[in-house]
Structure formats: C-alpha cells, structure tokens
Amino acid sequence: MPRFPATHEPLAACVDRVLAADVLADRDHPPFDRVTMDGIAVAYVDWSAGVREFAVAGTQAAGVPPLALGGPGRCVEVMTGAVLPPGADTVIPVERVERVGGSARVAAGYEPAQGQFIHRRGSDRPAGSRLLAAGQRIGPPEVAVLAGAGCHRVPVTALPRVAVVSTGDELVDVDAPAIAPHQIRSSNDWAIAAALARHRLGTTTRARLPDDVGALLREIGRLHDEHDVLILSGGVSMGQFDFVPRVLEHLGADLVFHRIEQRPGRPMWFGTSRDGKPIFALPGNPVSTLVCTTRYVLPALRAALGATEEPEELATLAEPVELGADLTYFMPVALRASGGGATLVEPRPTNTSGDFVSLAGTIGFVELPRTRRRYEAGDVVRVFRW
Ligand code: AMP
Ligand code: MG
C-alpha cells in the first residue's frame, strides 16, 4: 500500500479522520489555577491561625483576571472556572459558608483540606507536551482536545479517491425502471461504498461495467487515472467471461496475489498499477465481496492512512462450527447477549456466498483458520466487524 499524503481539514469536518501529525499543547492544561467549586478562596495559613470568619475582599467570576486576597483574614468569593486569587490556596464550598454583612463565616465543625477544589495549572499536561499522536483516529474526545489546543485546521491524512467498480452483464442499477428475469440489481458497489463511508477511509465513485474486454480496458484505464485506489467486484474466477485479471495485467498492473485459501472469497486478486496505485479485484458473490472488503481492503486502507493499529477484537463462539473444506472460514455472526463479560457471537451461515440477504443483522464475521476442522462453543476467535 502507498502512504497517502497529509492535508488540513476544518475541525468540524475531521471526526473519524486519521491525524497526520502530533498535536502539542500551546499552553499549560489547565492554563491557570482553576477553581472547581463555587465558594470562598482563602489562605490556609489564616485557617490554621484560627480564622473562621473572613472579610470578603470581592467577588471573582470565571473569565476575568483574578482579584487579590489583599491581606490576612480575607477571602474572595469565587465561582467554578475562576482564576484562583493570588494569596489564596484553598476553596471552601458555598454550601459551608454563611454571609454575615461584609464577612463569610464558615460552618461550625467544617474542616477544609489545604489546596482543596483547585485544579492546578499544568497538572494535566504542561505546555509543549504531546496531547495527540499522529495516527490517532479522531473521535469526540480528540475533537475536544483539538479545540482546547486551538487547532481549528487539523492535520489529517487525505482520503483516497476510490473507484468502486461492479462488473457483470447481468447487473442493472438500483433505480432501473424495469428489470428482466435474467438480470439482478447491482448491490456490491453499494456495500463497498458503505463500508468505506462508515469507516471514513475514502471518498467513492461507483461505476458498472460489462463483461467486455474492450470496455473493461478503456474504462478501468480511465477510472485508474482519475482515482487513487480501485476496488472491483466480479469477473475474477475461472469463467469464460471473467476477464478482470487479464485486463488488469494488460493495463500493466503487477499481480501481488491471486486466490487465497479461504471461503468465501477464494478467487480474490490484488495488485498494484504501474503508478503504484492499489487494485483490489474481489469475487462478485456478494458475501465474498463484503467479507474480502472487510478482511483485506479496510485494514489496507487504514495502514495507507497511517492509522495506529488497533488491537484485534476477539469473541466467543456460542455454537460449534464445522469447516467443510481445507480452507480458512469466515463465518458471519450476530451478537448474542452474554452475562460473562465476553463478546458472545452466534454463527449465521448463509445459503452460499450469493446469499447476502442473510447477512442483514449480522455484526461481521469470525475468522476460523484452517488449522482446525471444527470449532467448539466457547472457543475464542477473531471477529471482524462490517
Ligand atoms: P462473478 O464473480 O462475476 O462470477 O460473479 C459471481 C456472482 O456474483 C454472480 O451470480 C453475480 O451475479 C454476482 N454479482 C456479481 N457482481 C455483483 C454485484 N455488483 N452486485 C450483486 N451481485 C453481483
Ligand atoms: Mg461476473
């Protein structure tokens, strides 16, 4: 996979994108000694000397420069978020204080701890320290950190332009006004585009091509020039009209692999174009297409975006699974409620790899390596979510 370049996006547009550079603190976090409770700010030495009624020197709201305590035995009324007044080091909550004329009297029996209710300057992170590392995927907490750091144009990896190409003479568009008995609606391109959109891994253009060598050569060549990544579906098996591998090689693409010992999705093809652009040619059966997209295309795009690798997700099988052939199996699964604290999944086998309707309601699939022919209920296996 190539490494996609960095760009900048406005803060509002960067959720789920991958950070392309470290983000440093431009100031201390918090930037000043921040009061965390409405109350009075006092000097603890006064408290130790026995003062229980403090003369109120003023009122200190959030968002203004601090007042000074101004002398012994005095306090400043402070609000949450205010800067701690110089000279004060302890905050007594308003619930424990009674106002008596120009004074604030602390409730009998209350014992403040020195330094309480103050969020100390720099105690979370000092200025100059790294708040976020390149490769971080940006979620709501990271958006908050970016906003707090004044980062309104965010360095993120550019999203690749991905051409999602369905091939097959039997296919018609979803909105075709009429459909003949020998035709089917093209769904793979929609599923692939949905996967890339959900995971924010690229912007997609969909195209549909016939099983015709001339048209495939011309159109794949054009789509290649206009995009960073090609994802094709259909036409990679052994049929007389499966022209895709030949066409790609004719266009100068280097084959990296063709066929994987897996079910579904055995005929998958992957290569790179003369310009180094990745080309995924997936088998057309809809379950194969979606499994191969999820198992290979999404991780490859994550790597190309520089995303920090996430730990593998594991799940516990709720029911045994028998492997029918010496191939690694990808078994669709649905979540099952579990009291044990593990992700419990139940197999949802499909009627052949053409049965994409049975995938509805599944969360993804588990990977069952062909090192075994049978997996038992309770076995812990790797799960991939759509
Ligand atoms: P192929 O890999 O071209 O041999 O296609 C295998 C099966 O997948 C055929 O039954 C196709 O009709 C079906 N198929 C291929 N492309 C699509 C598509 N874009 N949407 C839905 N089904 C497809
Ligand atoms: Mg076909």
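Let me begin by describing the structure that accompanies this report. Within every chain, residues take consecutive numbers counted from 1 along the sequence as written. The order in which chains are written sets their letters, starting at A; the order in which ligands are written sets their numbers, starting at 1. A pLDDT threshold of at least 70 governs which residues receive local features in this predicted model, and a stricter bar of 80 or more applies before side-chain atom pairs are shown or counted, although totals over entire chains, interfaces and linings include all residues. Based on all heavy atoms of the structure, the side-chain values leave hydrogens and waters out of the count.

## Side note on the site of ligand 1
Residues are counted as near a molecule or strand when any one of their heavy atoms sits within 4 Å of it. Surveying the vicinity of ligand 1 reveals 17 residues, the closest of which are Ser166, Glu170, Ser187, Gly235 and Gly284. In protein, a polar contact means a hydrogen-donor-capable atom and an acceptor-capable atom, both N or O and within 3.5 Å, with residues adjacent in sequence counting only if both atoms are side-chain atoms; elsewhere, any N or O pair within 3.5 Å suffices. Contact between ligand 1 and Ser187: a nitrogen atom at 2.9 Å from a main-chain N or O atom of the residue. Note on areas: Shrake-Rupley, 1.4 Å probe, and residue coverage restricted to the protein chains presented here. In isolation ligand 1 exposes 490 Å². Once the protein is present, 79% of that is buried. Helix and strand assignments come from DSSP, with helices taken as H or I runs of at least 4 residues and strands as E runs of at least 2, each series counted from the N terminus. Contributing elements (two or more residues each) for the shell around ligand 1: β13 (161-167) and β15 (184-185).

## Notes on the packing of aromatic side chains
Two aromatic rings, drawn from Phe, Tyr or Trp (for Trp, its six-membered ring), form a pair once their centres lie within 6.5 Å of each other, and the interplanar angle then sorts them: stacked below 30 degrees, edge-to-face above 60, tilted otherwise. One pass over the structure, following the stated rule, counts six aromatic pairs. Ring pairs connect the aromatic residues Phe330, Phe365, Phe384 and Trp386, which therefore count as one cluster. Lying across the ring of Trp47, Arg52 places its NZ or CZ 3.5 Å from the centre. For a lysine, the NZ atom is tested; for an arginine, the CZ atom; a charge sits over a ring if that atom is within 6 Å of the ring centre and within 35 degrees of the ring normal. Over the ring of Tyr375 we find Arg372, and its NZ or CZ is 4.3 Å from the ring centre.

## Focus: the pattern of salt bridges
Salt bridge, as used here, is a side-chain nitrogen of Lys or Arg placed within 4 Å of a carboxyl oxygen of Asp or Glu. A complete count under the given rule lists 23 salt bridges for this structure. The salt bridge involving Arg130 is made with Asp22; its shortest N-O contact spans 3.6 Å. In this pair, Arg130 is assigned in strand β11 (residues 130-132) and Asp22 in the loop between β1 (6-10) and β2 (23-24), connecting sequence segments 108 residues apart. Partly exposed residues are those whose accessible area sits between 20% and 50% of the maximum for their type, while under 20% is buried and over 50% is exposed, using a 1.4 Å probe and protein chains only. Classification of Asp22 as partly exposed rests on a relative accessible area of 39%. The salt bridge involving Glu319 is made with Arg336; its shortest N-O contact spans 2.6 Å. One end of the pair, Glu319, is in the loop between β22 (314-317) and β23 (321-322); the other, Arg336, is in strand β24 (residues 328-336), with 17 residues separating them in the sequence. Here the residues in one salt-bridge network are Arg218, Glu219, Arg222 and Glu226, joined through shared partners.

## Side note on the sheet that holds strand β21 (residues 278-282)
Strands are labelled as partners when DSSP assigns at least two bridges between them. Taken in spatial order, the six strands of this open sheet run β16-β13-β17-β21-β20-β18, and their pairing is mixed. The two strands at the open ends of the sheet, each matched to only one other strand, are β16 (203-209) and β18 (254-258). Between one strand axis and the next, the sheet turns through 20 degrees on average, direction left out of account. Relative to β21, strand β20 (residues 269-272) runs antiparallel, the two being bridged by four bridges. Across the sheet, Gly271 pairs through a bridge with Ile279, a residue of β21. Contacts are residue-level and defined by heavy atoms, with any inter-residue pair within 4.5 Å sufficient. Axis definition: a line fitted to C-alpha atoms, limited for helices to the stretch in contact. Angles are taken between N-to-C directions and run from 0 to 180 degrees. Relative to β21, helix α6 (residues 286-304) is tilted by about 165 degrees, and along the sheet it contacts β17 (229-233) and β21.

## Topic: the sheet that holds strand β9 (residues 103-106)
One open sheet accounts for six strands, arranged β7-β4-β6-β5-β9-β8; its pairing is mixed. Edge strands, defined here as strands with exactly one partner in the open sheet, are β7 (90-93) and β8 (97-100). Across the sheet, the axes of successive neighbouring strands diverge by a mean angle of 40 degrees, strand direction being ignored. As defined by bridge partners, strand β5 (residues 53-60) adjoins strand β6 (residues 74-78) across four bridges and the pair is classed as parallel. From the neighbouring strand, Gln60 faces β6, where its bridge partner is Val78.

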